[in-house]
Structures are given as C-alpha cells and as structure tokens.
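Chain residues, written in single-letter form:
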Amino acid sequence: MEKIQIANVLAEQIKKVGKAYSRENMDILTIQLQAGQQVPAHNAKETVVVIVRSGEVLFEVEGIEQLLTSEDVLIIEPLEMHSLQAVTDVDLIVMKVAI
C-alpha cells in the first residue's frame, strides 16, 4: 500500500501540472488550474483517466466538448487529441495507463 498526498496550491499558483506517482505501466498526475487557465491540445499514447476532485473543467476531445464536475470521470483513448480549460478553480487527478 502507498499513500500519495496531493496539496492544493491554487492559493499560491495559477497553474500546477506535475507527476505525483509513477510505475511501469501507470503515471498519476495532478492538474490544478485557476478559472480561465488552459492546457493546450495534446495527446497521450496511453489511456487517460481524468478524475475531478473539485471544480468544473471543459474538456475538448477530438472536437467534442464535455463539461466535467466532481461527479464525473472521463476516459480518453490513446492518441485522442484533447485540451482543457478551467471553468472554475479546478483540481484534477489524471492517470495515464498503458493497457
């Protein structure tokens, strides 16, 4: 068992993107954005699972927009182009999993 603590830094920073954990077939990242901040379009070779811890974020995946809240989980298939914009201050967990 391993516990990973992820501090919320939005009071001090407008944007934080970083790796919280890594092992052979999986990376866990944190993305914290203040409202209006964006992550430009990109893709990943792995399956991506996005979990919203708090806030609202607008994802665009292959041209389709999805508004996510803390009640949502988004699964992005390998190589799908995606971008995101924080609607409110948002705190995300992103898991990149090689299946």
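Higher on the page you've got the structure.
In this text the structure is predicted, and so the values were computed from the model without any measurement.

Trainee: Now, about the side chain of Glu-46: what can you tell me, with residues and values included?
Mentor: Tracing the chain through its elements places Glu-46 in the loop between β3 (38-42) and β4 (47-54). For the buried Glu-46, no salt bridge is present, and the opposite-charge side chain at shortest range is Lys-96, 4.0 Å distant. Sequence-distant contacts of Glu-46, defined by excluding residues within four places in its chain, comprise Ile-76, Glu-77, Pro-78, Lys-96, Val-97 and Ala-98.

Trainee: With reference to specific residues and values, describe the pairing of strand β8 (residues 82-86).
Mentor: Within β8, four of the five residues are buried, leaving the element largely enclosed by the surrounding structure. The sheet contact formed by β3 and β8 spans three bridges and is antiparallel. Among the inter-strand pairings, Val-39 is bridged to a residue of β8, identified as Leu-84. Note: strand β5 (residues 57-61) against β8, five bridges, orientation antiparallel. Bridge pairing in β8 links Leu-58 to Gln-85.

Trainee: How would you sum up the nonpolar core? Please name residues and give values.
Mentor: The biggest cluster of nonpolar side chains holds 19 residues, and the ones touching the most others in it are Val-50, Val-57, Phe-59, Leu-84 and Leu-92. Where this core is concerned, the elements lending two or more residues are β2 (26-33), β4, β5, β7 (73-76), β8 and β9 (90-97). The contacts of Phe-59, once residues within four sequence positions are left out, are Val-50, Ile-64, Glu-65, Gln-66, Leu-68, Leu-74, Ile-76, His-82, Ser-83, Leu-84 and Leu-92.

Trainee: Please set out the sheet that holds β7 residue by residue, giving values where relevant.
Mentor: Strand order in the open sheet made by the five strands is β1-β2-β9-β4-β7, with antiparallel pairing throughout. Strands with a single pairing partner mark the edges of an open sheet, and in this sheet they are β1 (15-23) and β7. Here the strands of the sheet are splayed against their neighbours by 20 degrees on average, with no regard to which way each runs.

Trainee: Tell me about the pattern of salt bridges, residues and numbers included.
Mentor: Within this structure, the stated rule accounts for two salt bridges. For Asp-27, the salt bridge is made with Lys-19, and the minimal N-O distance between the two is 3.8 Å. Owing to a relative accessible area of 16%, Asp-27 belongs among the buried residues under this scheme. With a closest N to O distance of 2.9 Å, Asp-91 and Arg-53 form a salt bridge. Of the two residues, Asp-91 is situated in strand β9 and Arg-53 in strand β4; the sequence distance between them amounts to 38 residues. Residue classification places Arg-53 among the partly exposed residues on the basis of a relative accessible area of 39%.

Cut-off values and rules
Residues numbered from 1 in each chain as written. Predicted model: local features only at pLDDT ≥ 70, side-chain atom pairs only at ≥ 80, totals over all residues. Heavy atoms only, no water. Helix = DSSP H or I, 4+ residues; strand = E, 2+ residues; numbered from the N terminus. Buried < 20%, exposed > 50% of the residue type's maximum accessible area, 1.4 Å probe, protein only. Lys, Arg positive; Asp, Glu negative; His and termini not counted. Salt bridge = Lys/Arg side-chain N within 4 Å of Asp/Glu carboxyl O. Contact = heavy atoms within 4.5 Å. Pairing = 2+ DSSP bridges. Core = buried A, V, L, I, M, F, W, Y, C linked by side-chain atoms within 4.5 Å. Axes fitted to C-alpha atoms, helices over the stretch in contact; angles between N-to-C directions.

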